[in-house]
Amino acid sequence: MPPTTPHAGKFNSCPPYSNNNHPAPQSPYRSHTAPKPSRENVYNGAYSVAENPYDVPQPHAAYRSSSVSSVNANEHHYSSSCAISGNPYSLPQPQSPRQHSTSCPGRAYRHTSNCSSSSSDQSCRNSGSSTKARLYGHSITASYGEMCYHDNSLVSASLEALIQHLVPTVDYYPDRSYVFTFLLSSRLFLHPYELMTRVCHLCVEQQRSGDALLDKIRFREVAPKLVQLLTEWTETFPYDFRDERMMRCLKDMTLQVARGDEYSWRAMQQMTQRLIKRLSALGQYEEAVAALNAVAQERPASLKSKQTSAQRSDILSMCDDPFVLAQQLTHIELDRLSFIGPEEFIQSFAMKDPLENHKGFFRKRKTSNLEAYVNWFNRLSFLVATEICMPVKKKHRARIIEFFIDVAQECFNIGNFNSLMAIITGMNMSPVARLKKTWNKVNTDKFEILEHQMDPSSNFSNYRTALRGATQRSETAHSSQEKIVIPFFSLLIKDIYFLNEGCANRLPNGHINFEKLWELAKQVSEFLVWRQVICPFDRDRRILQYLVTTPVFTEDELHLASYESEGPENNMEKDSRRSLRSSLLHRENRS
């Protein structure tokens, strides 16, 4: 079970606000007061699928907020879903002798475990069906066949043993935390199709005794557990089944189950229907995102002039309430988060293993939804910079800067750290930062405090403290708004990347380093809990449409717009403006 995050505490290092026009924000991580409640009767527009291509069907409720019920070998009972509604490590460990506790080992084991060093060749050596145990001080390292444990926690094993450990039998079902961890990271070593084929084959073959009638009875007993395993797989990693071979294998198993157990067959049918519904929603989402990108590209932003600027709508004409805009940004964040598959984090660096480069699955690196979310962060940053650089009048630019500072503050209070960081990034882009005359008209007290919270020094220690506070608030939430935690996504990816790079996949004896897989699963499972939150705010169609489709400047166009707003201050900037004008004019003539 992952360690419980401590209370974030107070940000004593933050200076008090001195701007009378902007009262100090009451951070939910500083006091026990609830965040500002959502306002009523604010939104006039309905955000429907028919009116806006961005509004795609949400994942069905069973996938996002369901739980797993246990399977009794003597009863034909299935939960409606096996999606991760909480942390998969929170379930009690089974008492089966075949599965000695597979709870995630703490980091304290790293310096004492004898299975991650050269001694693993001695204490974790393949030993057939034998069992070995050694006592080191107050900790025990033991091996059971080809699986090595340290203090009853699985730390390494051969790939074959891990696959066998996943296969249910009449009197055994793998712990849910193990199922999630291995299904998540097994793709580092073999294709999901290969894993599914081998698991299903082993499950069927283990029931063969040579007597057809006995085989049928034994398979009928194990069928509910096989269905439960496949249900967990389809609900937690549905995107694996976009592979036609996976769907074929699932269909074959449905026919196999139908021969022996009617109840299990019906459960397989229901599971397949939910899977198809989920994949259909994913397809609609991807089409909607592609359509939005096409709309934005069809209307490229022209170079700024007084005429075009006066005609162009800006963010303040769409929404002049920072709280409302922060709510709409949170809608977009949660919508896009909900379609990121947990396996995409692993597949983003699956090619790093040279042994797997020959497999087409790893060459493709199916991470489109993760990449689309990163692209949204970049778009929001450029949108902020565009809105600031576009106005001709200095007073108007200063007003927009103050507005985005207030929006960033509201994002922080909501727990939307990704939009917060995107806004700060946009305001720190060099075309915006160089507007000194504009910034002189802005009270930057609040902005400096927000920058302090997202300061990258000490590995983003201030942000991580705030994130722990938001996580604790979410765990004890009394309202849906308090459940919202949207992490700074690029840093989450970076943490997972360096965790992967810093630990070997295999130990010197050839075993898979399962301690590493536990740690990867801990990181990803926390993301899944954040992802399943349903946004409680009302949608505003006009604002959402503006945020995702309005054209934004490229980097070169931003620099030129900045020079048009406040002229070059030295010869280098003058040369840069001259060069930008020439290159952009050349591009327009070519197009």
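Conventions adopted
Residues numbered from 1 in each chain as written. Predicted model: local features only at pLDDT ≥ 70, side-chain atom pairs only at ≥ 80, totals over all residues. Heavy atoms only, no water. Helix = DSSP H or I, 4+ residues; strand = E, 2+ residues; numbered from the N terminus. Buried < 20%, exposed > 50% of the residue type's maximum accessible area, 1.4 Å probe, protein only. Contact = heavy atoms within 4.5 Å. Areas by Shrake-Rupley, 256 points an atom, 1.4 Å probe, with all protein chains shown as cover. pLDDT = per-residue confidence, 0-100. Salt bridge = Lys/Arg side-chain N within 4 Å of Asp/Glu carboxyl O. Pairing = 2+ DSSP bridges. Axes fitted to C-alpha atoms, helices over the stretch in contact; angles between N-to-C directions. Parallel < 35°, antiparallel > 145°, perpendicular 65-115°, else oblique. Left-handed = near helix turned anticlockwise from the far one by under 90°. Expected span 1.5 Å × (residues − 1). Core = buried A, V, L, I, M, F, W, Y, C linked by side-chain atoms within 4.5 Å. Domains from an automatic or database assignment. Phe/Tyr/Trp six-rings, centres within 6.5 Å; stacked < 30°, edge-to-face > 60°. Nonpolar A, V, L, I, M, F, W, Y, C, P; charged D, E, K, R; others polar. Patch = residues over 30% accessible without salt bridge, like charges linked within 9 Å, V, L, I, M, F, W, Y side chains within 5 Å. Lys, Arg positive; Asp, Glu negative; His and termini not counted. Charge placed at Lys NZ, Arg CZ, Asp CG, Glu CD.

The protein chain goes by RasGEF domain family, member 1Bb in an unreviewed UniProt entry, where it is assigned to Nothobranchius rachovii.

1. Here's the deal with the overall build of the protein chain
The secondary structure content of the protein chain amounts to 25 helices and 5 strands. Evaluated residue by residue, the protein chain yields a buried proportion of 55% over its 591 residues. Pairs at least 24 residues apart make up 76% of the contacts formed inside the protein chain by residues separated by at least 6 positions. Accessible surface for the protein chain amounts to roughly 26200 Å². Of this, 50% is attributable to carbon and sulfur atoms.

2. As for the confidence of the model for the protein chain
Confidence in the prediction for the protein chain averages 77 pLDDT; 70% of positions are at 70 or higher. Averaged pLDDT values for the elements of the protein chain fall to 34 in helix H1 (residues 61–65) and rise to 98 in helix H16 (residues 417–427). Segment residues 1–130 is flagged for pLDDT under 50; beyond a separation of four residues in sequence, or across chains, it makes 323 contacts in the model. Low pLDDT, under 50, characterises residues 300–307; the predicted model gives this stretch 21 contacts beyond four residues in sequence or across chains.

3. With respect to the pattern of salt bridges
Inspection of the entire model under this criterion finds 16 salt bridges. For Glu-235, the salt bridge is made with Arg-274, and the minimal N-O distance between the two is 2.6 Å. With Glu-235 in helix H6 (residues 212–236) and Arg-274 in helix H8 (residues 262–298), this residue pair connects regions lying 39 residues apart in the sequence. In this structure, Glu-235 and Arg-274 share a single accessibility class: buried.

4. Examining the pairing of strand S4 (residues 153–157)
Along S4, 5 of the 5 residues are buried, which leaves the element largely enclosed by surrounding structure. Pairing geometry for strand S3 (residues 147–150) and S4, over 4 bridges, is antiparallel. Along S4, the bridge assignment pairs Met-147 with Ala-157. Once S3 ends, the chain turns through 2 residues before running back antiparallel as S4, passing Asp-151 with a positive phi of about 50°. As paired strands, S4 and strand S5 (residues 512–513) are joined by 2 bridges and run antiparallel to one another.

5. Focus: the packing of helix H3 (residues 159–166) against helix H5 (residues 192–205)
It is at 9 Å that the axes of H3 and H5 come closest, and there the two elements cross at 60°. Put simply, H3 runs oblique to H5. By crossing handedness, the relation of H3 to H5 is classed as right-handed. From H3, Glu-160, Ile-163, Gln-164 and Leu-166 reach across to H5, where they touch Leu-195, Arg-198, Val-199 and Leu-202.

6. Some points on helix H22 (residues 514–531)
An α-helical turn contains 3.6 residues, so any two residues separated by three or four positions project in the same direction. Relative to the 26 Å expected for 18 residues at 1.5 Å per residue, H22 spans 25 Å between its end C-alpha atoms, a close match to the ideal helical length. For H22, the buried fraction is high: 15 of the 18 residues fall into the buried class.

7. A word on the nonpolar core
In terms of nonpolar packing, the biggest core is built from 140 residues, with Leu-325 and Met-427 touching the most fellow members. If you count residues domain by domain, this core takes at least three from each of domain 1 (191–278) and domain 2 (316–351 + 366–553). In this structure, Leu-325 is in contact with Ile-315, Cys-319, Phe-403, Phe-404, Val-407, Ile-543 and Leu-547, ignoring residues within four places of it in sequence.

8. Regarding the packing of aromatic side chains
With the rule as written, the count across this model stands at 20 aromatic pairs. Between Phe-489 and Phe-527, the ring centres sit 6.2 Å apart and the planes meet at 55°, which makes this aromatic pair tilted. Taken as a pair, Phe-489 in helix H21 (residues 489–502) and Phe-527 in helix H22 lie far apart in primary sequence, 38 residues in all. Ring pairing ties together the aromatic residues Phe-377, Phe-412, Phe-417, Phe-460, Tyr-463 and Phe-488, which thus form one cluster.

9. Things to note about the environment of Met-247
Within the secondary structure, Met-247 is located in helix H7 (residues 244–258). Measuring from C-alpha to C-alpha, the distance between Met-247 and Thr-272 comes to 9.1 Å, with 25 residues separating the pair along the chain. Sequence-distant contacts of Met-247, defined by excluding residues within four places in its chain, comprise Phe-241 and Leu-275.

10. Points about unusual backbone geometry
At Asp-151, a residue that is not glycine, the phi angle is positive and equals roughly 50°. Looking at the element boundaries, Asp-151 is found in the loop between S3 and S4. We note that Asn-459 has phi near 55°; this positive angle belongs to a residue other than glycine. For Asn-459, a relative accessible area of 43% translates into the label partly exposed.

11. Focus on the packing of helix H15 (residues 394–414) against helix H19 (residues 445–453)
With their axes 10 Å apart at the nearest point, H15 and H19 run at an angle of 40° to one another. In terms of axis orientation, H15 runs oblique to H19. Relative to H19, H15 is oriented so that their crossing is left-handed. Residues Ile-405, Asp-406, Ala-408, Gln-409 and Phe-412 of H15 lie in contact with H19, whose contacting residues are Lys-446, Phe-447, Leu-450 and Gln-453. Its residues assigned to classes, the contact of H15 with H19 comprises 5 nonpolar, 2 polar and 2 charged.

12. Concerning a positive patch on the surface
A contiguous patch of positive charge on the surface is contributed by Lys-393, Lys-394, Lys-395, Arg-399, Lys-437 and Lys-441. Ranked by residues supplied to the positive patch, first place goes to H15 with 3 residues. By the element assignment, Lys-393 lies in the loop between helix H14 (368–389) and H15.

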